[in-house]
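Residue-level listing of the chains:
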Amino acid sequence: MPKFLHTADWQMGRAFSRFETEDGAALVEARFEAIEKLARLANEHQCDAVLVAGDVFDAQTVADRTIRRVFNATRAFTGPWVMLPGNHDAALAESVWSRAKRLGAVPENVHLALEPGIISLEAQELAVLCAPLTQRNTYSDLTEAFNTFDTPQGLARVGLAHGSVQGLLPDEIDSTNPILPDRAETARLDYLALGDWHGTRQIDERTWYSGTPEPERFRNNEAGYALIVNIPGQGQAPDVTPVETARYRWHQWRETLTVESDLDQLLERLEALPEPSVVDLRLEGSVTLAGEEKLINALSVAEARFRSIQCDRSGLQLEPTDDDIAALKADGYVGEVIEHLRTRQQDDGAEAARDALAILAGLLKDRKQEASE
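Please read all numbers here as calculations on a predicted model, not as lab measurements.

Chemist: When you look at the packing of aromatic side chains in this model, what are you seeing that I'm missing?
Modeler: For any pair of aromatic rings, the description rests on two quantities: the centre-to-centre distance and the angle between the ring planes. For the structure on display, the rule yields 10 aromatic pairs. Relative to Trp81, the ring of Phe77 lies with its centre 6.0 Å away and its plane at 70°, an arrangement referred to as edge-to-face. Each member of the pair, Phe77 together with Trp81, is buried. An aromatic cluster of three or more residues is present, and its members are Phe16, Phe19, Phe218 and Trp250. Geometry around Trp197 places Arg201 over its ring, the cationic atom sitting 6.0 Å from the centre. Sitting over the ring of Trp253, Arg269 keeps its end group 3.9 Å from the ring centre.

Below you can see the structure in the form of structure tokens.
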């Protein structure tokens, strides 16, 4: 019986405009590298096929170069690939798929499931029941047709679909492209390979979301994996093994700093992250001038270590201690200005006051250092 690799939601052509140009380009390139890694994994695990459960492309309008690069990246695995259109790359009358065919970019071993039906891979003992999206959103369960599909005797029945399993996913995505949670049972499937949810998730013993092979957003949903699926025999539950594929791991932290130890713990966690990380920080609370300096230095080090780090400090107030002020020798009028800026952090000009306080503290520190020299 067959062994295959289940993947989905490549979202090729996705832009990362919120990042610096260099970082955005690296994140785009990592997605092409992920396809190459999938091909290598399929070879290493001696898979019979690779099934892609929708959203190969992020949009219908991706560049021709992107289309060609996607199919070029599959070359290392010469066995069959079955690619299903999802909601981002639905099989419209004129689509990214029809463009790929006109370009002559689709290799012979890549099967495009542009219509509902069965793709029989007899040499691999695999019958793939396909429910492609032919429009971005539907409100009926396209996998219902699987119940009526007859497959050749002796071939494993594997469903391939893209949508939301009803009643099990968050409400905001559980509205269009519905799939009944017991579809594998009603359609007598050995396995149901799903896409649309970007994290690896098991629905039941025969139904899984593989998730995207390369994370592209800040969600703690087990993204960055592919699934190796082994069907030991007809009627037997499949053996499903998640395999890590991600190059970059995304981390989004929301932290409130109250005491000095809060900052120390945050910086320890930051230092413990691996270098291929994408980090988004939002800090609130308060920090001393000494703590601010420590934080700025740590962020500077992190910028050189990580793929990307972005830190929103607009909600973080500077609270100079008596020791801070004494160290700056900020007495008299300058001390009054510092106190005024500290107070102003409570009103509408909080961010400007915080920045002004940081600048003033920096100037005072520089002046003190020059005087000592």
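Having seen the model, we can carry on.
Chemist: Help me out: how do you make sense of the environment of Val28 in this one?
Modeler: Positionally, Val28 belongs in helix H1 (residues 21-44). Exposure remark for Val28: the relative accessible area of 27% places this residue in the partly exposed category.

Chemist: How should I be thinking about the pattern of salt bridges in this particular structure?
Modeler: Pairing between side chains of opposite charge can happen when the charged atoms of each approach one another. Evaluated as defined, the whole model comprises 15 salt bridges. The closest approach of N and O atoms between Arg14 and Asp58, which form a salt bridge, is 3.7 Å. Here Arg14, found in the loop between strand S1 (3-7) and H1, pairs with Asp58, found in the loop between strand S2 (49-52) and helix H2 (64-72); they are 44 residues apart in sequence, far enough to count as distant. Note on Arg14: relative accessible area 22%, which makes it partly exposed. Between Arg269 and Glu255 there is a salt bridge, with the nearest N and O atoms lying 2.8 Å from each other.

Chemist: Quick question: what am I supposed to make of the sheet that holds strand S16 (residues 277-287) here?
Modeler: Whenever strands of a sheet pair, they do so through backbone hydrogen bonds, lying parallel or antiparallel. What the three strands build is an open sheet, ordered S15-S16-S17; its pairing is parallel. Each having just a single partner strand, strand S15 (249-257) and strand S17 (308-318) make up the two edges of the open sheet. The sheet shows a mean angle of 5° between the axes of neighbouring strands, direction not considered. Here S16 runs beside S17; their pairing, made up of nine bridges, is parallel. Of the residues in S17, the one forming a bridge with Val279 is Ile309. Against the sheet, helix H6 (residues 289-305) engages S16 and S17, with an angle of about 170° to S17.

Chemist: Can you walk me through the pairing of S15 in this structure?
Modeler: For a regular strand, the rule is simple: side chains alternate between the two faces of the sheet. In the sheet, S15 pairs with S16 via nine bridges, with the strands oriented parallel. Considered in S16, the bridge of Thr256 is made with Glu284. As a crossover connection, the stretch from S15 through helix H5 (residues 260-272) into S16 is right-handed.

Chemist: In this structure, what is going on with the sheet that holds strand S11 (residues 201-204)? I would like to understand it.
Modeler: As summarised here, the arrangement of the six strands in space is S5-S6-S7-S10-S12-S11, forming an open sheet in which the pairing is mixed. Edge positions in the sheet fall to strand S5 (117-121) and S11, since each of these pairs with one other strand and no more. Across the sheet, the axes of successive neighbouring strands diverge by a mean angle of 20°, strand direction being ignored. Relative to strand S7 (residues 156-162), strand S6 (residues 126-131) runs parallel, the two being bridged by six bridges. Looking at the pairing, Leu126 lines up with Ala156 of S7.

Chemist: Even after reading the chapter, I still don't get the packing of H5 against H6, so can you show me in this structure?
Modeler: Geometrically, a packed helix pair is captured by the angle between its two axes and the distance between the axes. Their axes nearest at 11 Å, the elements H5 and H6 cross at an angle of 10°. Looking at the two axes, H5 sits roughly parallel to H6. Where H5 approaches H6, its residues Glu260, Leu263, Asp264, Leu267, Leu270 and Glu271 are matched on the opposing element by Gly291, Lys294, Leu295, Ala298, Ala302 and Arg305. Among the residues making up the contact of H5 with H6, the classes are represented as six nonpolar, one polar and five charged.

Chemist: Got a minute to help me understand the nonpolar core in this structure?
Modeler: Burial of nonpolar side chains together is a common tendency in soluble globular proteins. Grouped together as the largest cluster of nonpolar side chains are 31 residues, with contacts concentrated most on Trp10, Phe57, Phe71, Trp81 and Met83. Secondary structure elements with two or more residues in this core: H1, S2, H2, strand S3 (81-83), helix H3 (96-103), strand S4 (110-112) and strand S13 (225-230). With six residues, H1 is the single largest residue contributor to this core. If we ignore the near neighbours within four places in the chain, the residues touching Trp81 are Trp10, Ile35, Ala39, Val50, Val52, Thr74, Asn109, Val110 and His111. Core analysis: the next-biggest nonpolar cluster, separate from the first, contains 23 residues, Ala49, Ile119, Tyr191 and Val229 among them.

Chemist: Hey, could you run me through the environment of Thr138 in this one?
Modeler: You can see Thr138 is positioned in the loop between S6 and S7. A relative accessible area of 8% means that Thr138 is categorised as buried. If we skip the residues at most four places from it in the chain, Thr138 touches Leu133, Thr176, Asn177 and Pro178.

Rules of the game
Residues numbered from 1 in each chain as written. Predicted model: local features only at pLDDT ≥ 70, side-chain atom pairs only at ≥ 80, totals over all residues. Heavy atoms only, no water. Phe/Tyr/Trp six-rings, centres within 6.5 Å; stacked < 30°, edge-to-face > 60°. Buried < 20%, exposed > 50% of the residue type's maximum accessible area, 1.4 Å probe, protein only. Lys NZ or Arg CZ within 6 Å of the ring centre and 35° of its normal. Helix = DSSP H or I, 4+ residues; strand = E, 2+ residues; numbered from the N terminus. Salt bridge = Lys/Arg side-chain N within 4 Å of Asp/Glu carboxyl O. Pairing = 2+ DSSP bridges. Axes fitted to C-alpha atoms, helices over the stretch in contact; angles between N-to-C directions. Contact = heavy atoms within 4.5 Å. Right-handed = clockwise from strand over helix to strand, strands pointing away. Parallel < 35°, antiparallel > 145°, perpendicular 65-115°, else oblique. Nonpolar A, V, L, I, M, F, W, Y, C, P; charged D, E, K, R; others polar. Core = buried A, V, L, I, M, F, W, Y, C linked by side-chain atoms within 4.5 Å.

None of this, on its own, says anything about what the molecule does.
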